[in-house]
Amino acid sequence: QVQVVESGGGLVQPGESLRLSCTASGSVFNLYALGWYRQAPGKQRELVASINNYGDTNYADSVKGRFTISRENAKNTVYLQMNSLKPGDTGVYYCNADRPPPLLNAGTYWGQGTQVTVSS
C-alpha cells in the first residue's frame, strides 16, 4: 500500500500564494505519476496538474501560468505552487500517486485532502 499525505492548505486573500506539499510512501517514488486534483462544493473533482516520472507536466487551462507542479524524488514529495490565487480556486485539494505495474500493489492512491480557501 502507498500512504499519501497532503499539507499546506489554508485561507488566503485573492492574489496571494500557497504551496501545497504531498508525500507518498515507497522506495520507488521516482516511478510514480503524481497529480493534484481539487473539488469545489457541489462540483466534481477535477484535475489541476500532473507530473509523470519523466518530469513532464500537464495543467488545467484555468491554472496555466499561475500554478506549478514539481517533484523532489529524494524526499518522496510533490509540490503545487499556487500563485495569483482566485476565489474560484477554492476547494479541497487532493493528491494522488499512481504506482505502476508490474510493481507489487500497483494502483492509484489518494490522500485525505487539504482545504484551500481564497476569500477577501
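It should be noted that the structure appears before, not after, this text.
Residues numbered from 1 in each chain as written. Predicted model: local features only at pLDDT ≥ 70, side-chain atom pairs only at ≥ 80, totals over all residues. Heavy atoms only, no water.

This paragraph deals with the nonpolar core. Of all hydrophobic cores here, the largest spans 29 residues; its most connected members are Trp-36, Leu-80, Met-82 and Tyr-93. Looking at this core, the elements with two or more residues in it are β3 (18–24), β4 (33–39), β5 (46–51), β7 (67–72), β8 (77–82), β9 (91–99) and β11 (114–118). Considering each element in turn, this core owes the most residues, four residues, to β3. If we ignore the near neighbours within four places in the chain, the residues touching Leu-80 are Leu-18, Arg-19, Leu-20, Trp-36, Val-48, Ala-49, Phe-67, Thr-68, Ile-69 and Tyr-93. (Core = buried A, V, L, I, M, F, W, Y, C linked by side-chain atoms within 4.5 Å. Buried < 20%, exposed > 50% of the residue type's maximum accessible area, 1.4 Å probe, protein only. Helix = DSSP H or I, 4+ residues; strand = E, 2+ residues; numbered from the N terminus. Contact = heavy atoms within 4.5 Å.)

What follows covers the state of the cysteines. Disulfide: a covalent bond connecting the sulfur atoms of a pair of cysteines. The final tally for this structure, using the stated rule, is one disulfide. Two residues share a disulfide in this structure: Cys-22 and Cys-95, whose sulfurs sit 2.1 Å from each other. Because the torsion about its S-S bond is -80°, the bridge between Cys-22 and Cys-95 counts as left-handed. Of the two residues, Cys-22 is situated in strand β3 and Cys-95 in strand β9; the sequence distance between them amounts to 73 residues. Neither Cys-22 nor Cys-95 differs from the other in exposure class; each is buried. (Disulfide = S-S within 2.5 Å.)

Bringing the environment of Leu-11 into the picture now. Mapped onto the elements, Leu-11 comes out in strand β2 (residues 10–12). Spatially, the C-alpha atom of Leu-11 lies 9.4 Å from that of Ser-120, the residues being 109 residues apart in sequence. Every residue in contact with Leu-11, bar those within four places of it in the chain, is listed here: Thr-117 and Ser-119.

On the secondary structure map, Asp-89 appears in the loop between β8 and β9. Once residues within four sequence positions are removed from consideration, Asp-89 is found in contact with Arg-38, Arg-66, Phe-67, Ser-84, Val-116 and Val-118.

With that settled, consider the sheet that holds β7. Taken in spatial order, the four strands of this open sheet run β1-β3-β8-β7, and their pairing is antiparallel. The strands lining the two open edges of the sheet, one partner per strand, are β1 (4–7) and β7. Each strand of the sheet is rotated relative to its neighbour by a mean of 15°, with strand direction disregarded. In the sheet, β3 pairs with β8 via six bridges, with the strands oriented antiparallel. Residue pairing in the sheet places Leu-18 in a bridge with Met-82 of β8. (Pairing = 2+ DSSP bridges. Axes fitted to C-alpha atoms, helices over the stretch in contact; angles between N-to-C directions.)

It is worth spelling out unusual backbone geometry at this point. A cis amide bond links Pro-101 with the next residue in sequence, Pro-102, at an omega value of 10°. Assignment of secondary structure puts Pro-102 in the loop between β9 and β10 (107–110). Positive phi outside glycine occurs at Asn-76, with the angle close to 50°. For Asn-76, the position within the fold is in the loop between β7 and β8. Of note in this structure, Asn-105 is not a glycine but carries a positive phi near 60°.

All quantities given are derived from atomic positions and should not be read as evidence of function.
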